[in-house]
Amino acid sequence: MQHWELLFFFFVIAFVYASVGFGGGSSYLAVLAMYSLPFQEIRLIALLCNVVVVTGGTLLFIRHGQVNWKKIIPLVLVSVPMAFLGASLRLEQETFFVLLGCSLLTAAVLLWRQNRSIPEQVDAHPTQANYTRDGLLGGSLGLLSGMVGIGGGIFLAPLLNLIRWDNARRIAATASLFILVNSISGIAGQLTHLPASIDWNRILLLGIAVLAGGQLGSRIAIARFNPLVIRRMTAVLIFVAGIEVLYKQLV
């Protein structure tokens, strides 16, 4: 495998993102784009790494009782088929990277605007489920996630925080599960037109790197969760990535 430094980058990304319940797909895509790897392989790697990272975190959140199934189902019920549809679309490479860059910048702004944690009182009085709103939100984010190769948690979590959907830990758990199911659906959609020239050895090695980083990060999320610090770190990271992606495509 060329570019062995990718293993270190992916380990660090998985560690940081897993600590807040994300998969890291946005940053995997940005890093891989700088190495000019095949377009289809970039999206596949990002989604597969998402699955590896958030599976462990999702199980931990479930084990600690942080998953509110009644409120999550409307989100994922619509997002899964829409993610498959988005991944099945045949985008031009330039269109994909422009869409990705704009999506990263938008997500960075949303994350940065979350300047305070949700009060603990939300634990006792969470907002009531709104199936229509949550279904529309999940479907639109699922479609976008499938198109750009991101699980969608990076968009979902800030929006859920803004509408005070639940407390910070449950939103992180929701984002983790949302990423997992949408990434699996997106992979299935990509398999409908996947080229034969995929470097599976590179995918395996990167998967091992994110498995190690993700397991460590997700355990820190459960033991000592600091949403403000992680959100700010993530916002800066994906903002820089978005600028880099757009610069390469538009300049």
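Given the structure is predicted, the values throughout are model-derived calculations rather than measurements.

Trainee: Would you explain the nonpolar core in this entry?
Mentor: Note on soluble globular proteins: their nonpolar side chains tend to be buried together. Among the nonpolar cores identified, the biggest contains 65 residues, and Phe 10, Phe 22, Tyr 28, Phe 97, Leu 100, Ile 150 and Ile 154 are the most heavily contacted of them. Ranked by residues supplied to this core, first place goes to helix H3 (residues 39–63) with 11 residues. Contact partners of Ile 150, with chain neighbours within four places excluded, come to Gly 25, Ser 26, Leu 29, Leu 47, Asn 50, Leu 100, Leu 104, Ser 145 and Phe 155.

Trainee: Whenever I open this one, the packing of helix H5 (residues 93–113) against helix H8 (residues 153–162) confuses me. Can you help?
Mentor: For any two helices packed against each other, one specifies the inter-axial angle together with the distance between the axes. Contact geometry of H5 with H8 gives a least axis separation of 9 Å together with a crossing angle of 30°. On the basis of their axis angle, the class for H5 and H8 is roughly parallel. In terms of crossing hand, the pair formed by H5 and H8 is left-handed. In this structure, H5 uses Ser 103, Ala 107, Leu 110 and Leu 111 to contact H8, whose residues at the interface are Ile 154, Phe 155, Pro 158, Leu 159 and Leu 162.

Trainee: I tried to follow helix H2 (residues 25–34) on my own but got confused; where do I start?
Mentor: Since there are 3.6 residues in each turn of an α-helix, residues three or four apart along the chain are aligned in direction. Judged by how many residues are buried, H2 sits mostly within the fold: 9 of 10 residues are covered. Turning to H2, its buried residues are Gly 25, Ser 26, Ser 27, Tyr 28, Leu 29, Ala 30, Val 31, Leu 32 and Ala 33. Once H2 ends, the next one or two residues include Ser 36, with phi positive near 55°.

Trainee: Help me out: how do you make sense of the pattern of salt bridges in this one?
Mentor: Side chains bearing opposite charge may pair, as long as their charged atoms lie close to each other. Scanning the model with the defined rule gives 4 salt bridges in all. Between Glu 41 and Arg 202 there is a salt bridge; the shortest N-O distance is 2.9 Å. With a gap of 161 residues between them, Glu 41 in helix H3 and Arg 202 in helix H10 (residues 200–223) connect regions that are remote in the sequence. One exposure class covers both Glu 41 and Arg 202, and it is buried. When the shortest N-O distance is used, the salt bridge between Asp 134 and Arg 133 registers 3.0 Å. Residue classification places Asp 134 among the buried residues on the basis of a relative accessible area of 0%. Residues joined in a network through salt bridges with shared partners are Lys 71, Asp 166 and Arg 170.

Trainee: Honestly, the packing of aromatic side chains in this entry has me stumped. Any pointers?
Mentor: Geometrically, a pair of aromatic rings is defined through the distance of the ring centres and the angle of the planes. Under the counting rule described, the total for this entry stands at 3 aromatic pairs. Ring geometry for Phe 10 and Tyr 28: centres 4.7 Å apart, planes at 25°, overall stacked. With a gap of 18 residues between them, Phe 10 in helix H1 (residues 5–18) and Tyr 28 in helix H2 connect regions that are remote in the sequence. You can call Phe 10 buried: its relative accessible area is 0%. A cation over an aromatic ring shows up here: Lys 71 above the ring of Trp 165, its NZ or CZ 4.5 Å from the ring centre.

Calculation criteria
Residues numbered from 1 in each chain as written. Predicted model: local features only at pLDDT ≥ 70, side-chain atom pairs only at ≥ 80, totals over all residues. Heavy atoms only, no water. Core = buried A, V, L, I, M, F, W, Y, C linked by side-chain atoms within 4.5 Å. Buried < 20%, exposed > 50% of the residue type's maximum accessible area, 1.4 Å probe, protein only. Helix = DSSP H or I, 4+ residues; strand = E, 2+ residues; numbered from the N terminus. Contact = heavy atoms within 4.5 Å. Axes fitted to C-alpha atoms, helices over the stretch in contact; angles between N-to-C directions. Parallel < 35°, antiparallel > 145°, perpendicular 65-115°, else oblique. Left-handed = near helix turned anticlockwise from the far one by under 90°. Salt bridge = Lys/Arg side-chain N within 4 Å of Asp/Glu carboxyl O. Phe/Tyr/Trp six-rings, centres within 6.5 Å; stacked < 30°, edge-to-face > 60°. Lys NZ or Arg CZ within 6 Å of the ring centre and 35° of its normal.

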